[in-house]
Amino acid sequence: MVQAELAAMGAQAQQLQAERDALDAAREGWRVAQGQLSDLEAWCRNVAANLSELTHEQKRLALEALKVTAKLWSRDHESRYEIGMTIVNRSTCAYWRRSPRGCTRRGGPAWR
C-alpha cells in the first residue's frame, strides 16, 4: 500500500515537473516576444519621426519590412481596398477593409 502511494506520488511529481518546465518555456517565449515587440515599437517610433525625410525607396523598404500587403478592387466592388500587415513570426496582426460602410477591422488580434 505504501509502495503504491509512493509510486503514485513519484509519477505525480514527474508530471508536475514536466508542467513546470512547459510553463517556464512559455514564460521565456513570452519574454522574448515582449522584447521583440519593444524593439518593433522603437523602430516604428523612429521611422514615424523621420517619415518626412525618407526617400521613396526607404519608405518602400519600411513597408516591406512590415510585410504590408494591399489589394485594390474596382469601384463597383463592395470593398474598395484591403490592407494587411504581418509581424512577429509571420502571424497576422490585422486587416482593414474599406467599403461603402466605412473601414472595418478583421482578422488577427487587436492592435494596442
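Just so you know, these numbers come straight off a predicted model, no measurement behind them.

> Help me understand the overall build of the chain in this model?
When its secondary structure is counted, the chain shows 2 helices and 4 strands. Mapped in sequence order, the helices and strands of the chain form the string α-α-β-β-β-β. Classification of the 112 residues of the chain by burial places 12% in the buried group.

> Is there a simple way to explain the pattern of salt bridges in this structure?
Side chains bearing opposite charge may pair, as long as their charged atoms lie close to each other. What the rule picks out here adds up to 4 salt bridges. A salt bridge links Glu28 to Arg31; the shortest N-O distance between them is 2.6 Å. Here Glu28 pairs with Arg31, and both are found in helix H1 (residues 2–49), just 3 residues apart, close to one helical turn. For Glu28, a relative accessible area of 37% gives the class partly exposed. What makes Arg31 exposed here is its relative accessible area of 51%. Across the pair Arg60 and Glu57 runs a salt bridge, and its minimum N-O distance is 2.6 Å. In this pair, Arg60 and Glu57 both sit in helix H2 (residues 56–65), 3 residues apart, roughly one turn of the helix. Arg60 gets classed as partly exposed once you look at its relative accessible area, which sits at 35%. With relative accessibility at 39%, the residue Glu57 sits in the partly exposed group.

> Where do I start with the confidence of the model for the chain in this structure?
The predicted structure's coordinates, where accompanied by low pLDDT, should not be read in detail. The share of residues in the chain with pLDDT of 70 or more is 77%, and the mean pLDDT across the chain is 78. Confidence, expressed as mean pLDDT per element, reaches its minimum in the chain at strand E3 (residues 91–99) with 47 and its maximum at H1 with 89. In this model residues 90–100 is a low-confidence stretch, pLDDT under 50, and it forms 49 contacts with partners more than four residues away in sequence or in other chains. Throughout residues 107–112 the model reports pLDDT below 50, and contacts reaching past four residues in sequence, or to other chains, amount to 12 contacts.

The rules behind the values
Residues numbered from 1 in each chain as written. Predicted model: local features only at pLDDT ≥ 70, side-chain atom pairs only at ≥ 80, totals over all residues. Heavy atoms only, no water. Helix = DSSP H or I, 4+ residues; strand = E, 2+ residues; numbered from the N terminus. Buried < 20%, exposed > 50% of the residue type's maximum accessible area, 1.4 Å probe, protein only. Salt bridge = Lys/Arg side-chain N within 4 Å of Asp/Glu carboxyl O. pLDDT = per-residue confidence, 0-100. Contact = heavy atoms within 4.5 Å.

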